Amino acid sequence: MENNELEAAILDLLADIAADDVVYDERDIDLFEAGLLDSMAAIELLIALECTFSVIIAPTEVEREEMNTVNKIIAQVKARM
Amino acid sequence: MNTMPSGSFLSCVHYQAVSNSDSLAMVSDEQSLTYGQLWRESDSLAAYILDHSCDNTAPIAVYGHKSPLMLVCFLAAVKSGHPYVPIDASVPDSRVLDILSQTKGDVFAVSDFEHPSAITNERIREALKEYDGRSASQKYWVSDDDIFYILFTSGSTGSPKGVKVTERCVSRFFPWALSLGNTDKTGQTFINQAPFSFDLSVYELCMSLASGGTLFCLTKEKQENSRLLFETLAQSCAEVWVSTPSFADMCLADMSFCENLLPNLEVFIFCGETLFPSTARKLRERFPDAKVVNTYGPTESTVAVTEIEIDAKLIDSGEPLPVGFTKPGTRILIWDKDGKELEGGEQGEIVIAGDTVSAGYYNRDDLSNKVFGYLADGTRYYKTGDKGYVDDDGCLHYIGRLDLQIKLNGYRIELGDIEKNIQKLPYVSSVVALPAFRNGKISHIAAIVCLNRAIAESDFKTGLRIKEDLKETLPHYMIPRKIVIKESLPTTNNGKVDRKALQEELG
């Protein structure tokens, strides 16, 4: 998968889970502080990443601060591809 | 093995304090409390309350987050004749004040809380020293129809309402709870997930204390960090798990949530929301030796009244999981909208009649009279507002709500409560709150809002501002994740807001 395609696919996933298209534009806001993700949604995201990209990120292996913005999430996935 | 006396809840805890005084009653982060300490300290504090309280049956609010001192306060209240009102520290201040304006009594502020009638943590500890060795005579203990605790739950009017649970309800509830899954729970360790202001926590609190077990608390800090959570779970060596299905789903997302993590686990007890077959299947695969028990019941009938062990046959049936069979002392009736009893598996409103039905809402007879009552034979009943049916085997199946109440991650939420609080924002002209679904489950709440003036340059920033303002009045789990700004709301032919159209738009 091309870099751009990957990013676009992750963004689509996030927009679906956060239920807000703002993730396409606001890539550095803290998604938890903005009320777009909570603990349950974060787990949903990890499961969706595994199903879509076969990237396994165990909830116990990342701290919230490592995955709290759109850009950090994209980086975490890329690092594991 | 211990033998357990039958009888009231307090007498069972007393028995444990005498015969197992060095056993741990509670563990929460680095703090712990033995049965001996729990009994002695709650005796002292009960004596203090008797000396200082003007109204001898006023509820005593206990504010904090899962600290052993809260447990001491709970017991001290009931030993001195007062119901306790647990309030978790995550509840926003304005909501706490709303509750305190209803209870009007003292508040033991185990965690800091500014209030004229607050008794600070420091003062409580001084009282424990000052009154050490003293106690309240057993004649003061709450008993039978006295109120044991009051739990405040989301009310559709925008203000929480207090469910009064009597001592008799508690004493008729815990022996049944201890029998769930047919395991001997004496002296075992019980996982606590829910905050004490949520009635799910009454399950493990009653079960552990009545049987000499250890209440093992997972604090908010631990629950928000999977790594810490799993470390804590590993240390627990728990035999009994009580949580919402959502919390189990969250844990299951990590492959290390399996029998190696909790090798002693014997039974999972679920309540608070729908348990899906997918969750039960994974649990049985990862914990082949543990039983999975689904239970059902509202706060108004003391935690739960039906139970069923979920086996492979039920999981593979392709049908939604049933909620099970009634506990002794309880009958389930299915009524139509006119209160006529339905039979033969017909769907209608689930009505619970029996010995653990609550005494009603605190100082809200207007609300109580609508949903509580007595059957012709004198049995007290509660109309749940849940829709369901009883099958040929006598097993209850839950279908959904008849009103605007929803369950999100186990939390019971009145959409009207959210709407009323959004409506109070000065820049909002109208609002509708709706559940949003993902894969057939409610994943979050969406609010469709109309403004009377612009408050930010973009819809997103407006949404952020609304969420921020709501933090003042609503608990975190009631704040909508999605805020949609609209010019106007669609209406039906008779001029009401068309919730159905908005729900369809939302998907």
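Now for a description of the structure that goes with this document. (Residues numbered from 1 in each chain as written. Chains lettered and ligands numbered in written order. Predicted model: local features only at pLDDT ≥ 70, side-chain atom pairs only at ≥ 80, totals over all residues. Heavy atoms only, no water.)

**With respect to the sheet that holds strand β24 (residues 428-438) of chain B**
All names here are of chain B.
Step number 1: As summarised here, the arrangement of the three strands in space is β24-β25-β26, forming an open sheet in which the pairing is mixed. Each edge of the sheet is formed by a strand with only one pairing partner; in this case those strands are β24 and β26 (482-485). Direction aside, neighbouring strands of the sheet carry axes that sit 25 degrees apart on average.
Step number 2: Sheet topology places strand β25 (residues 441-451) next to β26; four bridges connect them, and they run parallel. Bridge pairing in β26 places A447 opposite I483. (Pairing = 2+ DSSP bridges. Helix = DSSP H or I, 4+ residues; strand = E, 2+ residues; numbered from the N terminus. Axes fitted to C-alpha atoms, helices over the stretch in contact; angles between N-to-C directions.)

**Thoughts on the packing of aromatic side chains**
Step number 1: Enumeration over the complete set of coordinates arrives at 25 aromatic pairs over all chains.
Step number 2: Ring plane angle 55 degrees and centroid distance 6.1 Å describe the contact between F173 of chain B and W176 of chain B, whose orientation is recorded as tilted. Taken together, the residues F173 of chain B and W176 of chain B, both in helix α6 (residues 167-179) and three residues apart, mark about one turn of the helix. No difference in accessibility class separates F173 of chain B from W176 of chain B, as the two residues are buried.
Step number 3: Ring centres of Y296 of chain B and Y398 of chain B lie 6.1 Å apart, and the angle between their planes is 40 degrees; this geometry places the pair in the tilted category. Within this pair, whereas Y296 of chain B is found in strand β13 (residues 291-296), its partner Y398 of chain B is found in strand β21 (residues 396-401), the two being separated by 102 residues in sequence.
Step number 4: Each residue in the set F9, F74, Y84, F148, Y149, F174 and F196 of chain B is aromatic and connected to the rest through ring pairs, giving one cluster.
Step number 5: Over the ring of F32 of chain A we find R64 of chain A, and its NZ or CZ is 4.1 Å from the ring centre.
Step number 6: Sitting over the ring of W39 of chain B, K79 of chain B keeps its end group 3.4 Å from the ring centre. (Phe/Tyr/Trp six-rings, centres within 6.5 Å; stacked < 30°, edge-to-face > 60°. Buried < 20%, exposed > 50% of the residue type's maximum accessible area, 1.4 Å probe, protein only. Lys NZ or Arg CZ within 6 Å of the ring centre and 35° of its normal.)

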